[in-house]
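# Reading the structure
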Amino acid sequence: MTDVTGAPADVLHTLFHSDQGGHEQVVLCQDRASGLKAVIAIHNTALGPALGGTRFYPYATEAEAVADALNLARGMSYKNAMAGLDHGGGKAVIIGDPDRDKTEELLLAYGRMVASLGGRYVTACDVGTYVADMDVVARECRWTTGRSPENGGAGDSSVLTAFGVYQGMRASAQHLWGDPSLRGRKVGVAGVGKVGRHLVRHLRDEGAEVVITDVREEAVGRILADHPEGVTAVADTATLIRVDGLDIYAPCALGGALNDDTVPALTARIVCGAANNQLAHPGVEKDLADRGILYAPDYVVNAGGVIQVADELNGFDFGRCRAKAAKIFDTTLAIFARAKEDGIPPAAAADRIAEQRMADGRAAR
């Protein structure tokens, strides 16, 4: 069954009728001259203008792109709320292969689309887009963050994203083992690209043993060259999650890493990573809890990047942002405490706290 656009009807059901929907606005964008096809999803603006990155990805279908934009935008509402930002949640996806389809003309056309929303959505980098891309988008759209320092921006947000995940790991260790130190712990990192490579550096600086994997051989090779001691590589994620003696698993690639196949196989006691939407479907958080695996909610611990790009809108100060990102340690501990108090998984506890902040913001308007 399809809707009037030919898209599967379950996309519209998600938007209008499911708990995963409730979005304020979804914009389908097309510029035939440049080949741009994009989706901009604004989930919630109760706390302020929607803020979220732009993903450039070769989706198999347009419906898959819409569904991803909806899920990512919703996640940004919760992330921004838990990060204490005066921003709602939004996300954009550009359909295509960034290595083949990304052009200056396409990025400029995309910037015009974002600008047409008049500030309701502020964009930044995500998978497949980089600082240089945001510099191009900003030529057509003032509501663009994640730009280069040369163009008035804060630069690469993956540095603080990794720092926040590291703080979430320390908080998880404190909660589970009574000590935030990661020295001597074995940590598996799946995905050592923009964020994962910085996370590995934090872990090695503290003396953790790190096991990595990535679909790109060059990314693995770079990490092994940078860290000739204390880092080993395995063939794939399926192997990584089964590594004997793994203390912490850090999914740092695409979403859906925690699912019906991977959760039963996990050897780690803690899951704390940078990837968005790690839970493949509702109920996975309970499966983790039932196995005694502590899950640090992804949108809480990976908020360092959005803290950085939000600060850029008011004149960027790295020290100020790093101090805010360091508070992810305390926020994560507070979520674990709320989960214990309410008798629910940490993911549900984080949702409750975020939803209350959004409700308070809506009531105050």
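In this section: the overall build of the chain. Within the chain one finds 15 helices and 11 strands. The C-alpha radius of gyration of the chain comes to 20 Å, within 12% of the 21 Å expected for a compact globule of 365 residues. Projected onto the principal axes, the alpha-carbon positions of the chain cover approximately 55 × 45 × 45 Å. Within the chain, the fraction of its 365 residues that count as buried is 54%. For the chain, the share of sequence-separated contacts (at least 6 apart) that also reach a separation of at least 24 residues comes to 65%. Summing over all exposed atoms, the chain offers an accessible surface of approximately 15500 Å²; the carbon and sulfur share of this is 49%. Distance from the positive charge centre (37 side chains) to the negative charge centre (47 side chains) of the chain: 4 Å.

Here we come to the environment of histidine 43. Among the structural elements, histidine 43 can be located in strand 2 (residues 36–44). In contact with histidine 43, other than residues within four places in its own chain, are Gly21, Gly22, His23, Glu24, Ala73, Arg74, Ser77, Gly89 and Gly90.

Here the focus is unusual backbone geometry. Phi angles above zero are rare outside glycine, and asparagine 277 is one such case at about 50°. Residue placement: asparagine 277 occurs in the loop between strand 10 (270–271) and helix 10 (284–290). With a relative accessible area of 28%, asparagine 277 lands in the partly exposed category.

Now for a positive patch on the surface. Together, Arg197, Arg201, Arg222 and Arg322 line one region of the surface with positive charge. Tracing the backbone shows arginine 201 in helix 7 (residues 196–206). Judged by relative accessible area, arginine 201 falls into the partly exposed class, the value being 32%.

To continue, consider the pairing of strand 3 (residues 50–57). Taken across its eight residues, strand 3 has seven buried, putting it largely inside the fold. As judged from the six bridges shared by strand 3 and strand 4 (residues 88–95), these two strands associate in the parallel manner. Within strand 4, the residue paired with arginine 55 across the bridge is valine 93. Note: strand 3 against strand 5 (residues 121–125), five bridges, orientation parallel. The residue of strand 5 that forms the bridge with alanine 50 is tyrosine 121.

This part covers the sheet that holds strand 5. Spatial ordering of the open sheet is given by 1-2-4-3-5, a layout of five strands whose pairing is mixed. The outermost strands of the open sheet, each flanked by one partner alone, are strand 1 (25–31) and strand 5. Taken pair by pair, the neighbouring strands of this sheet meet at an average axis angle of 25°, ignoring direction. The strands that helix 2 (residues 62–82) touches are strand 1, strand 2, strand 3 and strand 4; relative to strand 4, the one it contacts most, it runs at about 155°.

Rules of the game
Residues numbered from 1 in each chain as written. Predicted model: local features only at pLDDT ≥ 70, side-chain atom pairs only at ≥ 80, totals over all residues. Heavy atoms only, no water. Helix = DSSP H or I, 4+ residues; strand = E, 2+ residues; numbered from the N terminus. Rg over C-alpha atoms; globule rule 2.2 N^0.38 Å. Buried < 20%, exposed > 50% of the residue type's maximum accessible area, 1.4 Å probe, protein only. Contact = heavy atoms within 4.5 Å. Areas by Shrake-Rupley, 256 points an atom, 1.4 Å probe, with all protein chains shown as cover. Lys, Arg positive; Asp, Glu negative; His and termini not counted. Charge placed at Lys NZ, Arg CZ, Asp CG, Glu CD. Patch = residues over 30% accessible without salt bridge, like charges linked within 9 Å, V, L, I, M, F, W, Y side chains within 5 Å. Salt bridge = Lys/Arg side-chain N within 4 Å of Asp/Glu carboxyl O. Pairing = 2+ DSSP bridges. Axes fitted to C-alpha atoms, helices over the stretch in contact; angles between N-to-C directions.

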